[in-house]
Amino acid sequence: MRRHGPSKLLNIDSYLQSKAYEYIANFMDSRFFKDGMYDCEEMMNFLYSYISESKLEKILGPVSSEDNDSLDPYSCRIKFGKHNKPSNFSALYESKDKIQTILFEESRLSRKLDESSILNNLMELSVTFSLNDNDLEVITFFYIYETCSPIKSIWNDFDNPQGHVALMKSIFGNNPKLSNSFPRSIQTLKKLRLLDDYFNLENNIKHFICGLSGQSLSANYFSISDKEPLPVEYFDSYQKHIETLKALILKRKPGEGVNILFYGIPGTGKTEFTRLLSKSLNYKLYDIKSLDDEGNPNYIHKRFTGIKAAMNLSNPDSSIIMIDEADEMLNGSISFFGWRGDCSIKNIINTCLDDSRHICIWITNRFESIDDSTRRRFNYSIEFQNLSVSSRIRIWENTLKTNNLENIFTKDEIIYLAKKYETNAGSINVSVSNFVKITDGERTRNLEIIEEILNSHLNIAGIKVNQLDKESKYSLEGLNINSGIPIKTIVSTVRKFSDSLTVKKNGAIKNMNLLLYGPSGTGKTEFAKYIARELDKELLVKRGSDLLDMYVGGTEKNIRSAFKKAETDKAILFIDEFEGLIGAREKAVRNWELTQVNELLAQMEEFKGILICASNHMEMIDSAAIRRFNFKLDFDFLNNDGKLLFYKLLLGSLTDKNLDDAEERYLSGLDCLTPGDFKVVLQKHSFLDKGEVKNSMLLNALTEEVNHKSQVKRKAIGFY
């Protein structure tokens, strides 16, 4: 007979050999064995591989090569008839009592529990996932099932749950407690994703049981974070939440879980803030792994298994469980038509939140698709947004001070870096650390080097770089603004309102809204920048197209976020292309057109700050929105004084000659000129030598800009 060598995985551990003998011996006492419902060749190979050949030959007699050659392995697989059982089967069946005695004896001799590393690993498995003895017995069976061919062939001959249950009863020796709990154990193991739908143990479980993984079982699912968090000063916008969260955690009832949600765009410090909270409480932080050891994303169900393991192994009174990168777990999947994805995931997450007795912090970049039933289960949530300029300035100062570099950059250079690079605290910290390594004590080209480091971060960290305005040549004097109130008075009023917000003595006036309307290029955007410079405030610029979203409800969310960020950062909110957001409601034909207008009106009403909106089409704006503006400024085309002023201010340096009388008259005769036209002409001629540029060239360029406008009734010929 052909001999199979002993299985490696069985051969390395006495406990598994003992269980395999026991299972085969029990099976030989069942009706399945009596009816020939197994692979005879596999069974014979097993017996001759694991039992002394001399013992078997005393019972079965010697097996000749002729017998082996005449044996067709496929003829003796399932349900032999009474009159056509092969001789090997007959010998096996007639000697089953003696073989059973040998198997039980081999099982007893093999069970050297003190030498079984696999049994120790099974015990760790039990503790990690709160498994009972019956669950461990089932795991042991399926581990042997994959390495012991007779057992595998027996199991695979059945394709229905009833047959599997009956088979397990026989293999477990008709132990009622174990047999009856078998279906429940299967369900538990599948729920924990330790066993798949085809009754195969997960690879990491098999590797751990046999000792091939080389690490603890828990390392497959989570790590205990020991990374030092950024200082609390880095989170000035969120420091108020620290004490609230600490009170919520420390004052909870015994056995009561706390579910916390941190959400917002990537790179805003959600993970670092979690580490800071854990350190402030002196709690251990359990970080549920989002990637496996090879850097591949862990499946959603495996991460839930990791949460279960962390809960079993951690002390709920002195630990925090962090589920970072939880987007897919919380948001599920959304189809093209907006239907919810896998409902089972929602049920799992809701059950996890309900049953938790721990402090769990869930971190996600997206939150729009989180089901309402899931949102309600969070005790506390924080939205993380991009840092304000003032926050970035403080972080730059703190980081430089920590690295003994407080005198390396001037105050103006720090402000410049904070305004230009919309980075987060972690990136600033990394950039400064790299700066120290690169400069190696030399303090030359400091600003250039730190910018090189920051720019190298652009692609991988997604840092936004703002193009900062050079020294502005903007002038209120030359603008043609119609408001009924002097512009300087309006600027002074806005400044006084801004000051009142600081001292919180603004009474009933909680917002200051300005509407700038008129043709394109008349200076509306520059006026908003001028106000921000005058008040020394950050200008948060949003175009109507920035806020519009293709999904229902998305525009309303973007509008809320813009107002909230401006109020949090104490910035001036400037919405350009305002008419695209708030068209007249009586012309709306779709429901979402009404809801976005209503949302914008509500935010304008409740906003505590300065709002400036600009529009080229005043006639398209809803009348209810117009009533909500304190000042309405009509920006018209330049008058003759304004034309001359902006010519001298922007174009005068390009040529070495002043305008003569004829040229001034020609300039005055050009209709529909705006400051934007002068800026375009400046950009066209900036790189020409001063001697090359003539006033006639500049006037002809202005003429060309004017002739492109629809408001011009008669095209100008040009100045020659």
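Residues numbered from 1 in each chain as written. Predicted model: local features only at pLDDT ≥ 70, side-chain atom pairs only at ≥ 80, totals over all residues. Heavy atoms only, no water.

Brief notes about the packing of aromatic side chains
Point 1. One pass over the full model with this rule turns up 19 aromatic pairs.
Point 2. For the ring pair Tyr23 and Phe141, a centre distance of 5.7 Å and an interplane angle of 70 degrees mean the geometry is edge-to-face. Remark: Phe141 occurs in helix 10 (residues 133-145) and Tyr23 occurs in helix 2 (residues 14-27); sequence separation between them is 118 residues. Here Tyr23 matches Phe141 in class, with each residue buried. (Phe/Tyr/Trp six-rings, centres within 6.5 Å; stacked < 30°, edge-to-face > 60°. Helix = DSSP H or I, 4+ residues; strand = E, 2+ residues; numbered from the N terminus. Buried < 20%, exposed > 50% of the residue type's maximum accessible area, 1.4 Å probe, protein only.)

A word on the nonpolar core
Point 1. With 74 residues, the main nonpolar core has Phe129, Phe141, Phe142 and Trp362 as its most contacted residues.
Point 2. Val494, Ile531, Ile612 and Val681 belong to the second largest nonpolar core, which has 46 residues in total. (Core = buried A, V, L, I, M, F, W, Y, C linked by side-chain atoms within 4.5 Å.)

Structural notes on the sheet that holds strand 12 (residues 572-576)
Point 1. Pairing within the open sheet is mixed, and its six strands lie in the order 9-14-10-13-12-11. Unpaired on one side and paired on the other, strand 9 (480-482) and strand 11 (539-543) mark the two borders of the sheet. Averaged over all pairs of adjacent strands, the angle between their axes in this sheet comes to 20 degrees, without regard to strand direction.
Point 2. Bridge count between strand 11 and strand 12: five bridges; the pairing is parallel. (Pairing = 2+ DSSP bridges. Axes fitted to C-alpha atoms, helices over the stretch in contact; angles between N-to-C directions.)

As for the pattern of salt bridges
Point 1. In the structure shown here, the tally under the stated rule is 23 salt bridges.
Point 2. We note a salt bridge from Glu137 to Lys19, for which the minimum N-O separation is 2.8 Å. On the criterion of sequence distance, the pair formed by Glu137 in helix 10 and Lys19 in helix 2 is long-range, its members being 118 residues apart. Of the two residues, Glu137 and Lys19, neither departs from the other in class, the shared state being buried.
Point 3. Put simply, Lys19, Glu22 and Glu137 are held in one network by salt bridges that share partners. (Salt bridge = Lys/Arg side-chain N within 4 Å of Asp/Glu carboxyl O.)

Topic: the packing of helix 9 (residues 117-129) against helix 14 (residues 203-210)
Point 1. It is the contact of helix 9 with helix 14, at a shortest axis distance of 7 Å, that shows an interaxial angle of 135 degrees. Taken together, the axes of helix 9 and helix 14 lie oblique to each other. Seen from helix 9, the contacting residues are Ile118, Asn121, Leu122, Glu124, Leu125 and Phe129; seen from helix 14, they are Ile205, Phe208, Ile209 and Cys210.
Point 2. Partitioning the contact of helix 9 with helix 14 into residue classes produces eight nonpolar, one polar and one charged. (Parallel < 35°, antiparallel > 145°, perpendicular 65-115°, else oblique. Contact = heavy atoms within 4.5 Å. Nonpolar A, V, L, I, M, F, W, Y, C, P; charged D, E, K, R; others polar.)

Observations regarding the state of the cysteines
Point 1. Evaluated as defined, the whole model comprises zero disulfides.
Point 2. The closest cysteine sulfur to the non-disulfide-bonded Cys360 is located on Cys352, 6.2 Å from its own sulfur. (Disulfide = S-S within 2.5 Å.)

Some remarks on the side chain of Lys270
Point 1. Structurally, Lys270 can be placed in helix 16 (residues 270-281).
Point 2. Buried within the structure, Lys270 lacks any salt-bridge partner; its nearest side chain of opposite charge belongs to Asp324, at an N-O separation of 6.9 Å.
Point 3. Engagement of the side chain of Lys270 in a polar contact is seen with the backbone oxygen of Ile265, the distance being 3.0 Å.
Point 4. Setting aside anything within four residues of it in sequence, one finds Lys270 in contact with Phe262, Tyr263, Gly264, Ile265, Ile363, Thr364, Asn365 and Phe384. (Lys, Arg positive; Asp, Glu negative; His and termini not counted. Polar contact = N/O pair within 3.5 Å; in protein donor to acceptor, adjacent residues only side chain to side chain.)

Digging into the packing of helix 21 (residues 389-402) against helix 22 (residues 411-420)
Point 1. The geometry of helix 21 relative to helix 22 is characterised by a closest axis approach of 9 Å and an angle of 125 degrees between their N-to-C directions. One finds that helix 21 runs oblique with respect to helix 22. The two elements helix 21 and helix 22 meet at a crossing, and its hand is right-handed. Of the residues in helix 22, those in contact with Val389, Arg392, Ile393, Trp396, Glu397 and Leu400 of helix 21 are Lys411, Ile414, Ile415, Leu417, Ala418 and Lys419.
Point 2. Across the contact of helix 21 with helix 22, the residue classes tally to eight nonpolar, no polar and four charged. (Left-handed = near helix turned anticlockwise from the far one by under 90°.)

What about helix 23 (residues 425-439)?
Point 1. End to end, helix 23 covers 21 Å across 15 residues, agreeing with the expected 21 Å (1.5 Å per residue, within 8%).
Point 2. Every buried residue of helix 23 is listed here: Ala425, Ser427, Ile428, Ser431, Val432, Phe435 and Thr439. Along the axis of helix 23, the buried positions cluster into a sector of 160 degrees, meaning they face one direction only.
Point 3. The opening residue of helix 23, the one whose side-chain oxygen lies 2.8 Å from the backbone nitrogen of Ser427, is Asn424. (Expected span 1.5 Å × (residues − 1). Arc of directions from axis to C-beta.)

A short note on unusual backbone geometry
Point 1. In the Ramachandran plot, Lys570 falls in the positive-phi region, its phi being about 55 degrees despite a non-glycine side chain.
Point 2. As for its placement among the helices and strands, Lys570 is situated in the loop between helix 29 (554-569) and strand 12.
Point 3. With a relative accessible area of 61%, Lys570 lands in the exposed category.
Point 4. With a phi close to 60 degrees, Cys672 is a non-glycine residue in the positive phi region.
Point 5. Relative to the helices and strands, Cys672 resides in the loop between helix 33 (661-669) and helix 34 (675-685).

A closer look at the sheet that holds strand 6 (residues 380-384)
What links the strands of a sheet is backbone hydrogen bonding, and the strands pair in either a parallel or an antiparallel sense.
Point 1. If you trace the six strands from one edge of the open sheet to the other, you get 1-3-4-5-2-6, paired in mixed fashion. This sheet does not close on itself; its edge strands, each paired only once, are strand 1 (222-225) and strand 6. The sheet shows a mean angle of 20 degrees between the axes of neighbouring strands, direction not considered.
Point 2. Sheet topology note: the strand 2 (residues 258-264)/strand 6 ladder contains five bridges and is parallel. Directly across from Tyr263, in strand 6, lies its bridge partner Glu383.
Point 3. Strands in contact with helix 16 are strand 1, strand 2, strand 3 (284-288), strand 4 (319-323), strand 5 (359-364) and strand 6; relative to strand 5, the strand with the most contacts, it is inclined by about 165 degrees.

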